[in-house]
Amino acid sequence: MTSTARNPATDHADDSRRVSVLLGLLFGLAGMGSSSAAVALALLADDLEVSAGLAAWVISLYVLMLAVTTALYGRISDLVGVRRPLLAGLVLMSVGALVAALAPTFEVLLVARIVQGAGAAAVPTLGVAVLSARYTGEVRGLAFGRLAGVAAAVSCLGPLIGGLVEAAFGWRAVMALPILGALVVPLLWRALPTGGSGARLDIVGAVVVALTAAGMVLLVQSPSAGLLVAGIGAVLLVVGVPAVRATVRRRPDGFLPVEVIRNGTVVRSAVAASAVPASWFALLIALPAILLGEGWEAWQVGLAMVPSAAVALAVPQVTGPMLTRIGPGRALAVAGLVASGALLVATAGAHWSSAPVLVVAIIGVTFAFGLGQPALSAVVGDAVHEDVRGVALGVSTLLFLIGGSVGSAVVAGLSGPIGMAGAVLVLAVLPLLGLVVLAPTLRSARA
């Protein structure tokens, strides 16, 4: 009687498509928390009797918590594995979505969105950590590409799904959409790593980093939020930066390991990559704003974004082989160039209020996002030891999402004084600056 030995690496490779698609679906539902909610703001404001400007905090607070708590989940996964923090995050996301859908007052709604964003932050970092730990080589590159593609597609469909749900069931049903993420967990459960280092979490370091990151995000969003928010952000940042330095000196292996923050490849790649989501989030806001201003209905705007969702689903067929062929660093540079070119196209589309030109532009930034996100994950995953991979991915994802905040803040803050075309043109410079930051990493890769 003979027995056939099983190769775990082969088994894992065989399920890479299923796992990466499911994680991408979770990532997309987290992104849909903002993209679908955008079309419900008008009805929400009327129903809860608040101004349109105040209603926008429903999205701003969600994005704030999404950005701030990513590094926290990454570090926790290093200590206890992925399964428990991802489950906790999805529970928070679902509870927040349910409370938001039932919120009797605007204040309750804001608290619910904070909880929802804090839970949704588990998905980007831990999803990438699962793929980094489970796969290697070309299989991992394809898995990263599928995750980013599915996530971008679901997020791009957010305005269409949100518009249809709002028309049929009202804005409260739109707030509840992220609960669907709970249905995905049983399908992923066995693929989630449970092992960790077993070390204790540096609570003080986690709080200091979270508050400093909050200050950075608030300062970025201040052009559209006002002087009070700018002041709070500045205070948190001025106090937080030296506090972070002190905590790192006190515990070099604590919440923010020295091995990560002194790794030039991680920091440079994350800063350069942040220009890509800045471009993508900017057009996710600019395109609906322009077309709604031209008299389009919310569901029509959603239909205009369907081509970009289709492109997002096709991008993984390109990104996986590209990461293997030219390397993740160069792929990240290509994503920056595509994003900058797409923003120049969007500038023309915004100037002429041309829907076809804007659709071409958002297809371009969707491709850039689908390439840039897995390229960043691959660069960071290869640059650090597995014991700190979670927090390294968390820090890089934090900077990545802050880039998205920059894009939305520039569109919201500058479109008034200089017009939407001018605001988009300003953003077109950011990916080029990112290439300058990335240059040393590209040179070392060639060497």
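Before reading on, note that the structure itself is shown above.
Not measured: the values here are computed from a predicted model.

Cut-offs applied
Residues numbered from 1 in each chain as written. Predicted model: local features only at pLDDT ≥ 70, side-chain atom pairs only at ≥ 80, totals over all residues. Heavy atoms only, no water. Helix = DSSP H or I, 4+ residues; strand = E, 2+ residues; numbered from the N terminus. Buried < 20%, exposed > 50% of the residue type's maximum accessible area, 1.4 Å probe, protein only. Polar contact = N/O pair within 3.5 Å; in protein donor to acceptor, adjacent residues only side chain to side chain. Contact = heavy atoms within 4.5 Å. Core = buried A, V, L, I, M, F, W, Y, C linked by side-chain atoms within 4.5 Å. Phe/Tyr/Trp six-rings, centres within 6.5 Å; stacked < 30°, edge-to-face > 60°. Salt bridge = Lys/Arg side-chain N within 4 Å of Asp/Glu carboxyl O. Patch = residues over 30% accessible without salt bridge, like charges linked within 9 Å, V, L, I, M, F, W, Y side chains within 5 Å. Areas by Shrake-Rupley, 256 points an atom, 1.4 Å probe, with all protein chains shown as cover.

Student: Provide a residue-level description of the side chain of Ser269, including the pertinent values.
Tutor: For Ser269, the position within the fold is in helix H17 (residues 264–273). The buried category is assigned to Ser269, whose relative accessible area is 1%. For Ser269, the side chain forms a polar contact with the main-chain oxygen of Thr265, separated by 2.7 Å. Contacts of Ser269, omitting those with residues within four sequence positions, involve Gly264, Leu332, Leu376, Val379, Leu438 and Thr441.

Student: Can you explain the nonpolar core? Please cite residues and give values.
Tutor: Leu44, Leu109, Met175 and Leu283 are the most contacted members of the largest nonpolar core, which has 144 residues in total. For this core, the leading source of residues is helix H24 (residues 389–427), giving 15 residues. Leave out the neighbours within four places in its chain, and Leu283 touches Pro288, Leu343, Ala346, Ala361, Ile362, Val365 and Val424.

Student: Residues and numbers for helix H21 (residues 316–326), please.
Tutor: When H21 is considered as a whole, its buried residues turn out to be Pro316, Thr319, Gly320, Met322 and Leu323. Of the surrounding secondary structure, the elements contacted by the buried residues of H21 are helix H10 (137–156), helix H20 (306–314), helix H22 (328–352) and helix H23 (355–383). Positive phi shows up at Gly327, right after H21, with a value of about 90°.

Student: How would you explain the packing of aromatic side chains if you had to name every residue and give the values?
Tutor: A complete count under the given rule lists one aromatic pair for this structure. For the ring pair Trp280 and Phe369, a centre distance of 4.1 Å and an interplane angle of 20° mean the geometry is stacked. With Trp280 in helix H18 (residues 275–293) and Phe369 in helix H23, the pair connects residues that are 89 residues apart, well separated along the chain. Side by side, Trp280 and Phe369 carry an identical accessibility label, which is buried.

Student: Lay out the pattern of salt bridges with the relevant residues and their values.
Tutor: Scanning the model with the defined rule gives one salt bridge in all. The salt bridge partner of Asp15 is Arg134, with a shortest N-O separation of 2.6 Å. Taken together, the residues span a long stretch of sequence, with Asp15 in the loop between helix H1 (8–14) and helix H2 (16–35) and Arg134 in helix H9 (residues 122–134) at a distance of 119 residues. By the burial criterion, Asp15 is buried, and Arg134 matches it.

Student: Could you give an account of a nonpolar patch on the surface, with specific residues and numbers?
Tutor: A cluster of nonpolar side chains, Leu87, Val91, Val95, Val99, Val108 and Trp189, forms an exposed patch at the surface whose accessible area comes to about 420 Å². Considering each element in turn, the nonpolar patch owes the most residues, four residues, to helix H7 (residues 83–102). Counting through the fold element by element, Val108 comes out in helix H8 (residues 106–120). Overall, Val108 belongs to the partly exposed group, its relative accessible area being 30%.

Shape descriptors only; they carry no functional weight alone.
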